[in-house]
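Read off the chains here:
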Amino acid sequence: MMLAEVEPIAQFKMNLRGKLIEPHDADYETCRKVYNGMIDKRPTMIARCLDEADVIAAVNFARENNLLVAIRGGGHNGAGLGMCDGGLVIDLSLMKGTHVDAVEKTIQVQGGCTLGDVDHATHAFGMAIPMGIQSTTGIAGLTLGGGVGHLSRKCGLTIDNLLEADVVLADGQFVRASEEENSDLFWAIRGGGGNFGVVTSFLFRTHPISMVYGGPMLWELTDAKEVMKWYHEFIKGASDDINGFFAFLTVPPGPPFPEHLHLRNMCAVVWCYTGKLEDAEKAFEPIRNFKKPALDLVGPLPVPALQSMFDPLMPTGMQWYWKGDYVKELTDEAIDLYIEHGSKLPTMLSTMHLYPINGAAGRVDKNAMAWNFRDANYAMVIAGIDPDPANKDVITTWAKDYWNAVHPHSEGGSYINFMMEEGQDRVKATYGSNYEKLVTIKKKYDPNNLFRVNQNIIPV
């Protein structure tokens, strides 16, 4: 679009309670930055919305002026799909309202909230919802992609606990999506990403979880094959109360890690037990009896403390490149490949995680909502991470090589929140048998593909 006419932009500014930021504004450089420092996109304007009316005005302005649109919630999207070049960013990051209904055991959350905002609100009432592993993640992108985290085996994915959502559609309509209203849209947004509209608020079911028994256990890299084989069998049959994700990592050089382990490449499981705290030690007997870890930092802690445990290591602005897959089995051959590449972490923060998605998450029908891989055991992610832009190629090459090696041992698709911009074949593989239904719903709600800066479902 040619933005020669000043009047429409001036009118758009007048229609916003929030602020319209353009390249000449002092805060443009700050506001165009997202969590991944590798992303360097320059939109024509950023609408920092304060309410639903602002979002409606922004959607209408973009559609009427044929502008490319990106939707930014918490700004954590690894591929940078909350930002765009030369278009309009609809920025929800100032819409951070929450409301807990202690009687109904629900929480309503606006689209700009982070997981930390949600935990802050629910924890005061002794509640939690299942979501992620890092408090700075945006709730909107996490939810629309599915929502994998510490509580997945006990409570299901984040989308399994979504009761309804308020959505601004491509034509500017404001609608509610639930099992009772616009049920096809509700089906689609549970895993289908931002393809169908701008979700301005979510209503979640909460769970009476306040304290957990959790934290990391670390083992020597030489024990990795034994640990991975044991972990795979253990987590497949574990009680829903026990969650733990496996990782290859470099031990950070500071507390609470002892000095003799600093900067060592090790394997780990980060545990989260949601049963009664008085039963935790007994529940962990088979874990501790398997093989004594080099470090055991597992103990009682509040949910928000576990959720924010890794925040200091991962501030905004790091270089990120990640690749993921759904994984069902860990064969000996696959384990050898995981270890081969996991033992060559290119930078201190680079890592590989296997997040379990069995237990409660795995008992939901694969066609109940857009998120398709209910029969997988893990959502796997390989993340090349470093603060120095000079290491961009190093971490990218390592992540791609790792993924190329282990991908043949995967189920074929990926959790969309663990994907860069990887092309249409990967999007189709991710949704499998649900893809054609998603296309049908996309044609109904966004036939002209206004919302296409995402893992796009093309309406054709």
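The rules behind each value
Residues numbered from 1 in each chain as written. Predicted model: local features only at pLDDT ≥ 70, side-chain atom pairs only at ≥ 80, totals over all residues. Heavy atoms only, no water. Helix = DSSP H or I, 4+ residues; strand = E, 2+ residues; numbered from the N terminus. Rg over C-alpha atoms; globule rule 2.2 N^0.38 Å. Buried < 20%, exposed > 50% of the residue type's maximum accessible area, 1.4 Å probe, protein only. Contact = heavy atoms within 4.5 Å. Pairing = 2+ DSSP bridges. Axes fitted to C-alpha atoms, helices over the stretch in contact; angles between N-to-C directions. Parallel < 35°, antiparallel > 145°, perpendicular 65-115°, else oblique. Polar contact = N/O pair within 3.5 Å; in protein donor to acceptor, adjacent residues only side chain to side chain. Phe/Tyr/Trp six-rings, centres within 6.5 Å; stacked < 30°, edge-to-face > 60°. Lys NZ or Arg CZ within 6 Å of the ring centre and 35° of its normal. Salt bridge = Lys/Arg side-chain N within 4 Å of Asp/Glu carboxyl O. 1 Å grid on protein atoms, 1.4 Å probe; cavity = no way out; pocket = protein on both sides within 12 Å on 5 of 7 lines; lining within 4 Å. Points joined across faces, edges and corners; volume = space filled by probe spheres on them. Nonpolar A, V, L, I, M, F, W, Y, C, P; charged D, E, K, R; others polar. Expected span 1.5 Å × (residues − 1).

Trainee: Please explain the overall build of the chain as it appears in this structure.
Mentor: The helix and strand inventory of the chain stands at 15 helices and 17 strands. Against the compact-globule benchmark of 23 Å for 460 residues, the chain has a radius of gyration of 22 Å, which places it among compact chains. Here the C-alpha coordinates of the chain stretch approximately 70 × 50 × 40 Å along the principal axes. By residue count, 60% of the 460 residues in the chain fall in the buried class. Residue pairs in contact within the chain that sit at least 24 positions apart in sequence constitute 73% of those at least 6 positions apart.

Trainee: Please clarify how the sheet that holds strand β8 (residues 174-178) should be interpreted in this entry.
Mentor: Strand pairing in a sheet relies on backbone hydrogen bonds. The paired strands run either parallel or antiparallel. Reading across the sheet, the five strands line up as β5-β6-β9-β7-β8 and stay open at both edges, with antiparallel pairing between neighbours. Looking at strand neighbours, the two that pair on one side only are β5 (98-101) and β8, the edges of this open sheet. With direction set aside, neighbouring strand axes in the sheet form an average angle of 15 degrees. Pairing of β5 with strand β6 (residues 106-110) involves four bridges; the strand directions are antiparallel.

Trainee: I tried to follow the pairing of strand β16 (residues 351-356) on my own but got confused; where do I start?
Mentor: On a regular strand, one side chain projects to one face of the sheet and the next to the other, so that they alternate. Across the six residues that make up β16, a large majority, six, are buried. In β16, alternate side chains face the same way, and those of Thr351, His353 and Tyr355 on one face and Met352, Leu354 and Pro356 on the other are all buried. In the sheet, β16 pairs with strand β17 (residues 378-386) via six bridges, with the strands oriented antiparallel. Across the sheet, residue His353 finds its bridge partner in β17, namely Val381.

Trainee: Just to check I follow, could you spell out the packing of helix α12 (residues 332-342) against helix α13 (residues 392-406) for this structure?
Mentor: Between two packed helices, what matters for the description is the angle formed by their axes and the separation of those axes. As a packed pair, α12 and α13 sit with axes 9 Å apart at the nearest point and diverge in direction by 170 degrees. Here α13 runs roughly antiparallel to α12, going by the angle between their axes. On α13, the residues that touch Leu337, Tyr338, His341 and Gly342 of α12 are Trp398, Asp401, Tyr402, Ala405 and Val406.

Trainee: What am I meant to see in the side chain of Asn434 here?
Mentor: Along the chain, Asn434 turns up in the loop between α14 (424-431) and α15 (435-445). Within the structure, the side chain of Asn434 is placed 3.2 Å from the backbone oxygen of Met369, a separation counted as a polar contact.

Trainee: Where do I start with the packing of aromatic side chains in this structure?
Mentor: Two descriptors summarise a pair of aromatic rings, namely the distance from one centre to the other and the angle between the planes of the rings. In total, this model carries 24 aromatic pairs according to the counting rule given. Aromatic pair Trp398 and Tyr402: ring centres 5.5 Å apart, planes at 80 degrees, arrangement edge-to-face. With Trp398 and Tyr402 both in helix α13, this residue pair falls four residues apart, about one helical turn. Using a relative accessible area of 0% as the deciding quantity, one classes Tyr402 as buried. In textbook terms, an aromatic cluster arises when at least three aromatic residues are bridged by ring pairs, as seen for Tyr35, Phe245, Phe310, Trp320, Trp322, Tyr355, Tyr415 and Phe418. Lying across the ring of Phe186, Arg190 places its NZ or CZ 3.8 Å from the centre.

Trainee: How do you make sense of the pattern of salt bridges when you look at a structure like this?
Mentor: When the charged atoms of two side chains lie near each other, side chains of opposite charge can form a pair. Within the structure shown, the criterion is met by 31 salt bridges. Of the charged contacts in the structure, one is a salt bridge between Arg374 and Asp160, with a shortest N-O distance of 2.7 Å. A residue pair is termed long-range when its members are at least 10 positions apart, and Arg374 in the loop between β16 and β17 and Asp160 in the loop between α6 (152-155) and β7 (162-168) qualify at 214 residues. By relative accessible area, Arg374 is classed as buried at 4%. In this structure Asp160 comes out as buried when scored by relative accessible area, which is 16%. For Asp240, the salt bridge identified is with Arg363, shortest N-O distance 2.3 Å. Separated by 123 residues along the polypeptide, Asp240 in the loop between α8 (224-237) and β11 (242-250) and Arg363 in the loop between β16 and β17 bring together distant segments of the chain.

Trainee: What am I meant to see in the sheet that holds strand β3 (residues 69-72) here?
Mentor: The four strands are arranged β1-β2-β4-β3 in an open sheet whose pairing can be described as mixed. Edge positions in the sheet fall to β1 (19-21) and β3, since each has one partner strand and no second. Averaged over all adjacent pairs, the angle separating strand axes in this sheet is 20 degrees, with direction ignored. For β1 and strand β2 (residues 45-48), the ladder comprises three bridges, and the chain directions are antiparallel. Its bridge partner lying in β2, Leu20 is registered against Ala47. Its contacts with the sheet put helix α3 (residues 52-64) on β2, β3 and β4 (88-91), and the angle it makes with β4 is roughly 165 degrees.

Trainee: Mind showing me how you'd approach the layout of surface pockets here?
Mentor: Any empty space left between the atoms is revealed when a probe the size of a water molecule rolls over them. A volume near 170 Å³ is recorded for the second largest pocket. Around the second largest pocket sit 13 residues that line it, and Arg63, Ala170, Asp446, Asn448 and Leu450 are the ones nearest its centre. Residues belonging to the lining of the second largest pocket are distributed by class as follows: seven nonpolar, two polar and four charged.

Trainee: What is the right way to read empty space enclosed by the protein from this model?
Mentor: Counted under the stated rule, the structure contains one cavity of 30 Å³ or more. Roughly 70 Å³ of internal volume is contained in the largest cavity. Lining of the largest cavity is provided by Asp119, Ile129, Met131, Gly132, His150, Leu151, Val212, Cys272, Val303, Leu306 and Gln307. Counting residues per element, the lining of the largest cavity draws most heavily on helix α11 (residues 303-307), which supplies three residues. For the lining of the largest cavity, the class distribution of residues is seven nonpolar, three polar and one charged.

Trainee: I'm lost on α13 in this one. Help?
Mentor: End to end, α13 covers 22 Å across 15 residues, agreeing with the expected 21 Å (1.5 Å per residue, within 8%). Of the positions making up α13, those classed as buried are Ile395, Thr396, Trp398, Ala399, Tyr402, Trp403, Ala405 and Val406. Lining the buried residues of α13 we find β11, β15 (319-327), α12, β16, β17 and α14.

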